[in-house]
Every structure is written in structure tokens, then in C-alpha cells.
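Structure at a glance
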Amino acid sequence: MGRITTRRPVLRITAGEGADRRADTLTVEEPLEIRIAGTALAVTMRTPGHDVELAAGFLVSEGIIGQTDEFRSAIHCGGPGTGGDENTYNVLDVALGAGVHLPTADDARRFYTTSSCGVCGKASIDAVSTVSRYDVGGDRLEIDDQWITGLPDRLRAGQDAFQKTGGLHAAALFDGATGEMLVLREDVGRHNAVDKVVGWALLNERLPLRAMVLQVSGRASFELVQKAVMAGIPVLSAVSAPSSLAVELAESSGLTLAGFVRGRSMNVYAHAQRIRITRATARDTVNEGAMIGEH
């Protein structure tokens with residue numbers, strides 16, 4: 001398994017010119033059931049590949065684990081109805097470290113996730129707002145505005161599967177001190193791409209992700225902000241808009257949230273003190289003062 005793309009026949013129609021049949025490259029989407037010690041915990045629709053990272057990142061995001069030694073191992077196993085003989089590679093059984101609290105039915109940890117909305121079915125916002133182990137607000141990272149506006153292009157350049165299909169989201173982790181891109185992951189779900197990045201960090205003993213910047217394709221939802229906070233990431237940069245709840249969580253958690261990061265500009269919605277503004281003009285100063293006066 002582990003395939004990211006597949007080929008399918010399509011009818012290509014060009015208005016006023018006719019049609020022809022050809023093969024098209026599509027993003028693969030399949031379910032992954034995450035189990036803990038044999039008990040089903042969650043189902044997510046994902047692009048196969050980096051499944052162990054996905055599971056590890058998901059468990060970090062939900063506050064179940066937060067350190068490398070709390071994730072002992074993971075193995076693909078047979079799916080329902082196979083008797084355990086046929087390995088579908090769509091079921092992953094995770095073993096946690098000694099002393100880690102195992103989710104139970106009383107914890108309401110039966111999740112269903114989709115590629116569009118992420119974790120669904122939570123009883124309330126309070127149930128989603130898991131308390132992070134890490135102090136994001138105390139992170140002293142500072143980065144230049146011109147550097148952060150260049151991240152979307154670096155993200156796109158590393159999206160191999162997106163170039164073939166146009167149907168994948170991506171998330172990448174950048175070192176705010178050195179500028180190095182540490183890891184990039186693609187998935188049909190933006191929340192899965194972030195979980196894969198966080199899972200990579202957990203498995204490589206890098207949590208908390210202090211002085212790091214998470215760049216994502218698409219919009220910044222509440223869930224993506226939550227995942228960044230749970231991993232200790234101080235800056236989240238998104239190509240598109242954030243939601244109102246994402247901004248509220250970023251403000252309360254001390255996370256710097258930038259949206260519409262395109263070309264040479266961006267909107268900073270929370271904790272702009274981490275971004276050094278370069279080549280400010282008199283007009284910029286007037287506009288900033290006007291905005292402050294409006295609040």
C-alpha cells in the first residue's frame with residue numbers, strides 16, 4: 001500500500017473543440033482506523049503513507065500522548081471481516097508506553113474524521129480545547145516578514161504529489177532560527193498533513209517544537225491551531241483565511257497566526273510581536289495606527 005496517487009480514465013472536454021479520452025492522475029483516499037491496544041479509537045479518511053506519523057500526531061493533538069517514550073510501537077493489521085489474515089493496511093494498532101492513560105468509552109474518544117472537516121462529533125468546544133503540555137506563549141521566537149512570506153512558495157515547490165494531481169493539502173515545518181525546512185507532508189486532509197508533521201516530530205524526539213513555524217496550504221481552522229498549540233509550535237502561517245474560532249484560540253494560547261500569506265503580504269491575526277516588520281513606510285505607520293484606534 002502506501003500509494004499516494006492512482007491513474008483513472010477520464011473524458012476530457014474542451015468547449016467548442018470536442019472531447020478525447022485520456023488517463024488522469026488522482027489522489028488516493030482511503031480510510032484508516034486507528035486502534036489502541038486492539039480497541040478502535042478513530043477513523044480518518046487519508047492519503048496512504050506515513051500512517052504511523054499520522055497516528056502519533058493525532059494522539060498528540062488529542063492530548064493522549066506528548067512525549068516520544070509514550071508512543072511505543074504501531075503495526076498494520078487485518079481489517080474487519082478478514083479474520084486477521086488479510087492485511088488491508090487500513091487498520092493501525094498502536095501500543096502506548098507504560099503509564100499512559102488509555103482512552104475509554106467514558107472519555108467520549110470515538111472520533112469520526114473526514115477529509116474536509118477534521119475531527120467531528122465533539123460535544124462542545126471545551127471538549128476540543130485540550131490543554132497543551134507546552135507553553136506556546138512563552139516562546140521568544142522572532143522572524144522577518146520577508147522570510148515568512150516566502151514559505152508558501154517553498155511549500156509548493158516540495159509538493160510532488162500536488163504537482164501531479166492538484167488534489168492534496170500540505171503542511172511543512174520550518175526552523176525559525178535557521179530557516180531550514182525540516183519536514184513536509186501531503187494528504188487529502190489538511191488536518192492529516194499536520195498530524196503527519198507532528199507525528200514525525202514525536203517519533204524523532206523533537207517535541208515540543210519551540211522556535212518552529214508551521215506552514216499550511218489552504219485555510220487555518222480551529223483544529224489546525226489546536227494541533228500547533230498541542231505540539232508547542234509558536235507560529236502558524238496559512239495561505240488562506242483563518243476562522244474566527246481559530247483566531248480566538250491563537251490569541252488565548254499565545255500563538256502567532258498569519259493568514260492570506262501570499263506574494264509579499266499577509267494578515268497577522270494574533271501575536272504579531274514575533275514578526276519583524278521590514279521597510280515600513282510612513283503610510284504603513286498611519287494605517288497601523290488607524291487600525292489600533294478602531295479597536
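As the structure is a prediction and not an experimental result, all values here were calculated from the model. (Residues numbered from 1 in each chain as written. Predicted model: local features only at pLDDT ≥ 70, side-chain atom pairs only at ≥ 80, totals over all residues. Heavy atoms only, no water.)

Before going further, it helps to examine the pairing of strand S13 (residues 235-238). The side-chain alternation of S13 yields two buried faces, one formed by Val235 and Ser237 and the other by Leu236 and Ala238. Note on the crossover from strand S12 (residues 212-216) through helix H7 (residues 222-230) to S13: the handedness is right-handed. Where S13 lies against strand S14 (residues 256-262), three bridges are found, and the strand directions are parallel. Bridge pairing links Leu236 to Leu257 in S14. For the segment spanning S13, helix H8 (residues 244-253) and S14, crossover handedness is right-handed. (Buried < 20%, exposed > 50% of the residue type's maximum accessible area, 1.4 Å probe, protein only. Helix = DSSP H or I, 4+ residues; strand = E, 2+ residues; numbered from the N terminus. Right-handed = clockwise from strand over helix to strand, strands pointing away. Pairing = 2+ DSSP bridges.)

Residues of the chain with pLDDT of at least 70 account for 80%, and the chain-wide mean is 85. Here residues 121-125 is modelled with pLDDT under 50, and outside its nearest four sequence neighbours on either side it reaches seven contacts, counting other chains as well. (pLDDT = per-residue confidence, 0-100. Contact = heavy atoms within 4.5 Å.)

Right, let's talk about the packing of aromatic side chains for a bit. To describe a pair of aromatic rings, you give the distance between the ring centres and the angle between the ring planes. Going through the model one piece at a time under the given rule, you end up with one aromatic pair. Where Trp147 meets Phe174, the ring centres are 6.3 Å apart and the plane angle is 90 degrees; that geometry is what we call edge-to-face. Separated by 27 residues along the polypeptide, Trp147 in helix H3 (residues 145-148) and Phe174 in strand S10 (residues 169-175) bring together distant segments of the chain. (Phe/Tyr/Trp six-rings, centres within 6.5 Å; stacked < 30°, edge-to-face > 60°.)

Evaluation of the coordinates by the stated rule reveals ten salt bridges. Asp187 is the salt-bridge partner of Lys196, the closest N and O atoms lying 2.7 Å from each other. Note on accessibility: Lys196 and Asp187 belong to one class, buried. Each of Glu142, Asp144 and Arg276 takes part in a single network of salt bridges with overlapping partners. (Salt bridge = Lys/Arg side-chain N within 4 Å of Asp/Glu carboxyl O.)

This part covers the nonpolar core. Counting residues in each nonpolar core, the largest one holds 53 residues, and the members touching the most others are Leu59 and Leu257. Sequence-distant contacts of Leu257, that is, excluding residues within four places in its chain, are made with Ala220, Val225, Leu236, Pro242, Ala246, Val247, Ala250, Asn267, Val268, Tyr269 and Ala270. The next biggest cluster of nonpolar side chains, apart from the first, holds 15 residues, and it includes Ile148, Leu151, Val213 and Ile275. (Core = buried A, V, L, I, M, F, W, Y, C linked by side-chain atoms within 4.5 Å.)

It is worth spelling out the sheet that holds S10 at this point. Within the open sheet, the six strands sit side by side as S11-S10-S12-S13-S14-S15. Their pairing is mixed. Looking at which strands have only one partner, the edges of the open sheet turn out to be strand S11 (181-187) and strand S15 (265-270). Averaged over all adjacent pairs, the angle separating strand axes in this sheet is 20 degrees, with direction ignored. By the bridge criterion, four bridges tie S14 to S15 in an arrangement that is antiparallel. When the bridges of S15 are listed, Ala258 appears paired with Val268. Taken strand by strand, helix H6 (residues 190-203) contacts S10, S11 and S12, and its axis lies near 145 degrees from that of S11. (Axes fitted to C-alpha atoms, helices over the stretch in contact; angles between N-to-C directions.)

Let's shift gears to H8. The complete set of buried residues in H8 reads Ala246, Val247, Leu249 and Ala250. An end-on view of H8 places all buried positions within 165 degrees of arc, on one side of the element. Summarising the geometry of H8, the exposed residues directed more than 90 degrees from the buried face are Ser244 and Ser252. As for H8, its buried residues are in contact with H7, S14 and S15. (Arc of directions from axis to C-beta.)

The subject of this paragraph is unusual backbone geometry. Along the chain, Leu207 connects to Pro208 via a cis peptide bond; the corresponding omega equals 0 degrees. Of note, His50 is a non-glycine position whose phi angle comes to about 55 degrees, a positive value. As for its position among the elements, His50 is in the loop between strand S4 (39-46) and helix H1 (51-61). Of note in this structure, Phe260 is not a glycine but carries a positive phi near 50 degrees.

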